[in-house]
Amino acid sequence: MNAKINKSRRIIRLKHIIKVTYFSTVFEEGRYHRYNFTVQLMIGLNSSMREIATKVIELSLGKMPNWLEKVHENQPISIYLSDRTSKEKLAMPYGIGYDLENDGNIKFLNEHECEPLTYDWTYKRIIELREAGYISGDVNHIIVETPDGLGGPGDLDLGILINGIFSFIGILANVEGGLQLKDRLVSFANYRKMVKDFKNNGLHSLKQIRLLLETNKAWKLKKIMQALSVKRNIAIAILRKLGYTSKNGVWRFDDTSIEALELRKQWLEQEKEEEKKISKLIIESFGK
């Protein structure tokens, strides 16, 4: 009898009751209107978030204004957690931009190929990303949207963009005749491996790094090393360049520090230059 009860309890613990809200933005009477449809579901840890999102969108059809008539198999769907700030939402219209590798490193999803909009996570993976501090919000309330007009060609030369990251943080320098390493702790063999790891993990922009770090107010160095798959000196260079300082083994951004604010300003300005470079690469890819 007790064995049956314990087994039943174990099954119950594998189920989670969550809310899912679908937001639809419709242009009516000369302006945009935002509608929402919320349902409560009981799901398992291995439930497909894309299937859940699709189900909720289909349930909403006919019950509120929507520009969709049906949900297609490859329908772009943005999935994220509630309680995201407006600033973060505007910065990441593709929803959750990460997954986890088996070794705990982050896999950055390719927004230029709209990968986050067709990606599928289990609910367990969403919880793991939240517990690791890589995404923010409430895992018990999932937000779903169907964005329109996002994306572009994905065949970009990521090596050029990654070189730009390492040049900006002071690891690499452009000199006559090619590139030169400035950090004596980094060999060319190590550098080539870092570029390869960045490519494999989908990391190619300063914006990706900043948005990741902004999900938490405080970071342990080892966590950044693992997330970005970089060695200690590279992680420190990135954190310092973004205005973070270490105290008692914890790295934080001090928004009262003039130096930190200036470093953040320089980083954001470099992001703009990076976006111009990406736009140029996209235009060039149309001609291929």
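Residues numbered from 1 in each chain as written. Predicted model: local features only at pLDDT ≥ 70, side-chain atom pairs only at ≥ 80, totals over all residues. Heavy atoms only, no water.

As for helix α2 (residues 49-60)
How we decide: Labels follow the DSSP assignment, with helices taken as runs of H or I lasting at least four residues and strands as runs of E lasting at least two, numbered in each case from the N terminus. To estimate how far a helix should extend, the number of its residues minus one is multiplied by 1.5 Å. Relative accessible area decides the class of each residue, using a 1.4 Å probe on protein chains only: under 20% of the type maximum gives buried, over 50% gives exposed, and in between gives partly exposed.
Between its terminal C-alpha atoms α2 stretches 17 Å, which fits the 16 Å expected from 12 residues at 1.5 Å a residue. For α2, every residue scored as buried is listed here: Met49, Arg50, Ile52, Ala53, Thr54, Val56, Ile57 and Ser60.

Let's talk about the environment of Gly164
Following the sequence through the fold, Gly164 ends up in helix α6 (residues 158-168). Overall, the relative accessible area of 19% leaves Gly164 in the buried class.

Some thoughts on the sheet that holds strand β11 (residues 250-253)
Selection rule: Pairing between strands requires that DSSP locate at least two bridges from one strand to the other. Working convention: axes come from line fits to C-alpha atoms, limited for helices to the stretch in contact. Angles between N-to-C directions cover 0 to 180 degrees.
The strand order across the open sheet formed by three strands is β9-β11-β10, and the pairing between neighbours is antiparallel. The sheet terminates laterally at β9 (218-220) and β10 (244-247), the two strands that pair on one side only. Going from strand to strand, the sheet's axes swing by 35 degrees on average, the running direction of each strand aside. In this structure, β10 lies alongside β11, joined through four bridges in antiparallel fashion. Bridge pairing links Thr245 to Arg252 in β11.

Side note on the environment of Ser78
Our working rule: Polar contacts, as used here, are pairs of N or O atoms within 3.5 Å; protein pairs need one atom able to donate a hydrogen and one able to accept it. Residues neighboring in sequence count only if both atoms are side-chain atoms.
Along the chain, Ser78 falls in strand β3 (residues 78-82). By relative accessible area, Ser78 is classed as buried at 1%. Within polar-contact distance, the side chain of Ser78 engages the backbone nitrogen of Gly95 at 3.3 Å.

Re the pattern of salt bridges
Selection rule: Salt bridges are defined as contacts in which a side-chain nitrogen from Lys or Arg sits within 4 Å of a carboxyl oxygen from Asp or Glu.
Counted according to the given criterion, the structure contains nine salt bridges. Residues Glu145 and Arg34 are paired through a salt bridge, measuring 3.3 Å at the closest nitrogen-oxygen approach. Taken together, the residues Glu145 in strand β6 (residues 138-145) and Arg34 in strand β2 (residues 31-44) connect sequence positions 111 residues apart. Lys193 is paired through a salt bridge with Asp197; the nearest N and O atoms lie 2.8 Å apart. Taken together, the residues span about one helical turn, with Lys193 and Asp197 both in helix α7 (residues 188-200) at a distance of four residues.

Regarding unusual backbone geometry
Non-glycine residue Ser229 carries a positive phi angle of around 60 degrees. Looking at the secondary structure, you find Ser229 in the loop between α9 (221-228) and α10 (232-241). In the Ramachandran plot, Asn248 falls in the positive-phi region, its phi being about 55 degrees despite a non-glycine side chain. Note on placement: Asn248 falls in the loop between β10 and β11. Residue Asn248 is classed as exposed on the basis of its relative accessible area of 72%.

Remarks on the packing of α9 against α10
Stated formally: Any angle between 65 and 115 degrees counts as roughly perpendicular, while under 35 counts as roughly parallel, over 145 as roughly antiparallel, and the rest as oblique. Should any heavy atoms of two residues lie within 4.5 Å, those residues are considered in contact. Three categories are distinguished: nonpolar for Ala, Val, Leu, Ile, Met, Phe, Trp, Tyr, Cys and Pro, charged for Asp, Glu, Lys and Arg, and polar for the others, with Gly belonging to the last.
Between α9 and α10, the shortest axis-to-axis distance is 9 Å and the interhelical angle comes to 100 degrees. Of the possible angle classes, the one that applies to α9 and α10 is roughly perpendicular. Where α9 abuts α10, its residues Leu221, Ile224, Met225 and Leu228 lie against Arg232, Ala235, Ile236, Ile238 and Leu239. Class assignment of the residues belonging to the contact of α9 with α10 gives a composition of eight nonpolar, no polar and one charged.

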